[in-house]
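# Observations on the model geometry
For reference, the chains in residue letters:
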Amino acid sequence: MSFRPLMLAALLALPPGAMAQTVSPQVPTAQPPVTGEDPILARVEGEPVRLSDVLATAQDVLPPEMRGMPGPMLLQMLPPEIARQLVDRTITERVLTAAARSAGLDKDAEIQRRIRRASDQELQQAFLTREVNAAVTDAALRARYDQESGRRQGEEEVHARHILVPTEAEAKAALAEVTGGADFAEAAKRLSKDPGGRDGGDLGFFKRADMVPEFAEAAFALRPGQVSPAPVRSPFGWHVIKVEERRSAPVASFEDSRQQLRQKMLEEQVEVVVARVRTAAKVERLDQPAPRCSTMPPRRPRRPPAAPPPRNAARKPDPWPDCPSRRSPSRCRRCRRSPASPSA
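These lines cover the structure that appears in this document, whether it is placed above or below. (Residues numbered from 1 in each chain as written. Predicted model: local features only at pLDDT ≥ 70, side-chain atom pairs only at ≥ 80, totals over all residues. Heavy atoms only, no water.)

What follows deals with helix H9 (residues 168-179). If you check H9, its first and last C-alpha atoms are 16 Å apart, about what twelve residues at 1.5 Å a residue would give, namely 16 Å. Along H9, the positions that sit buried rather than exposed are Ala171, Ala174, Leu175 and Val178. Down the axis of H9, the sector holding all buried residues measures 100°, keeping them to one side. At its buried positions, H9 is contacted by strand S3 (156-165), helix H10 (184-191) and strand S6 (237-248). With its phi angle positive at about 120°, glycine 181 sits one or two positions after the end of H9. (Helix = DSSP H or I, 4+ residues; strand = E, 2+ residues; numbered from the N terminus. Expected span 1.5 Å × (residues − 1). Buried < 20%, exposed > 50% of the residue type's maximum accessible area, 1.4 Å probe, protein only. Arc of directions from axis to C-beta. Contact = heavy atoms within 4.5 Å.)

Spelled out as structure tokens, the structure:
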């Protein structure tokens, strides 16, 4: 038996919805009808290959809009060659699995470890999907949208044009031209090095965070109709800026925000679920020392070491501290004194 993936590869290359367009439910195919909810389509070593097995194989191939269809209906809609390819692929996978078991690979320790890892990952994904989807409902999406739309109200936007040139001298010349009465859009078409110069330097409406700080600070400081009093330098070069309009940004509708908001809430909810199950679990970390118990008595501070003795503490006291000579151990020739009679 040969496995020919050409039709499956072509099916994978189809854009979403293209397969649904190529197969019409009203056009009958030569595929024989199937009965029952999960009919047997083939047998491998006596083990049945059911429609559900074929549909599981097809999950990586079918476009999303066709994956939820009932099995018998989907099999009737597929072109005969595609259906045969899917069944053939499922049989091949089943044969390879049986061969691996016959070779004893299912007893290999490394293979078992990888199977357990894959099984754990599937369980983790199934648990997160169930918990997260239960929290991110349409009502939750609507409440989050209402909450955030209120905060987004009033975010300011400006509609501006600019002339971008590489040097300050060119920017000053362009500024002198437009402040002298030249039409800004026409000057931008002639002078600006920005690709948008052919549109008169029109940047449309933008928020402060949409531009580099130097440009945004200068643009949002201008009123409609004003031109920047001096060229503005940014990492892109030198700009001459003119503000056309100012407005509060319109808030996107719920339907326009739905997908982005849902993705954001899904990511947040995953973190919530993970934190909840970790907190509820008894975890003992052995790779780092345990934190010190707050109820243990504090250690007594060590006594500071004794101060070292003076450097000259071991020397005997000088018997003639005020004698300038000290030539004789018994009597000084200059002051005529001895240690026994310091006043002699």
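Right, let's get into the packing of aromatic side chains. With the rule as written, the count across this model stands at three aromatic pairs. Look at tyrosine 145 and phenylalanine 254: their rings are 5.5 Å apart centre to centre, the planes differ by 75°, and that puts the pair in the edge-to-face class. In this pair, tyrosine 145 is assigned in helix H8 (residues 138-152) and phenylalanine 254 in helix H12 (residues 254-280), connecting sequence segments 109 residues apart. A relative accessible area of 12% places tyrosine 145 in the buried class. (Phe/Tyr/Trp six-rings, centres within 6.5 Å; stacked < 30°, edge-to-face > 60°.)

In this section: unusual backbone geometry. Phi at glutamate 45 takes a positive value of approximately 55°, unusual for a residue other than glycine. Along the polypeptide, glutamate 45 turns up in the loop between strand S1 (40-44) and strand S2 (47-50). On the basis of relative accessibility, which here comes to 76%, the residue glutamate 45 falls in the exposed class.

We now examine the side chain of serine 257. Relative to the helices and strands, serine 257 is located in helix H12. Residue classification places serine 257 among the buried positions, given a relative accessible area of 13%.

This part covers the packing of H9 against H10. Packing of H9 against H10 brings their axes to within 10 Å, and their N-to-C directions diverge by 155°. The orientation of H9 with respect to H10, classified from their angle, is roughly antiparallel. Like other packed secondary-structure pairs, H9 and H10 cross with a definite hand, here right-handed. Across from Ala174, Glu177 and Val178 in H9, the residues of H10 making contact are Phe184, Ala187, Arg190 and Leu191. Its residues assigned to classes, the contact of H9 with H10 comprises five nonpolar, no polar and two charged. (Axes fitted to C-alpha atoms, helices over the stretch in contact; angles between N-to-C directions. Parallel < 35°, antiparallel > 145°, perpendicular 65-115°, else oblique. Left-handed = near helix turned anticlockwise from the far one by under 90°. Nonpolar A, V, L, I, M, F, W, Y, C, P; charged D, E, K, R; others polar.)

Attention now moves to the sheet that holds S3. Strand order in the open sheet made by the four strands is S4-S3-S6-S5, with antiparallel pairing throughout. The open sheet is flanked by strand S4 (202-207) and strand S5 (232-234), the only strands paired with a single partner. Sheet twist, expressed as the average angle between the axes of neighbouring strands with direction ignored, equals 45°. As paired strands, S3 and S4 are joined by four bridges and run antiparallel to one another. Its bridge partner being in S4, histidine 159 is matched across the sheet by phenylalanine 205. Here H9 sits on the sheet in contact with S3 and S6, set at roughly 45° to S6. (Pairing = 2+ DSSP bridges.)

In this section: the nonpolar core. If you look at the biggest cluster of nonpolar residues, it comprises 18 residues, and the most contacted ones within it are Val49, Val54, Leu62, Leu74, Leu78, Leu86 and Ile91. Contributions of two or more residues to this core are made by S1, helix H3 (51-58), helix H5 (71-77) and helix H6 (80-102). Counting residues per element, this core draws most heavily on H6, which supplies five residues. Counting residues in hydrophobic clusters, the runner-up holds twelve residues, among them Phe215, Ala216, Val232 and Ile241. (Core = buried A, V, L, I, M, F, W, Y, C linked by side-chain atoms within 4.5 Å.)

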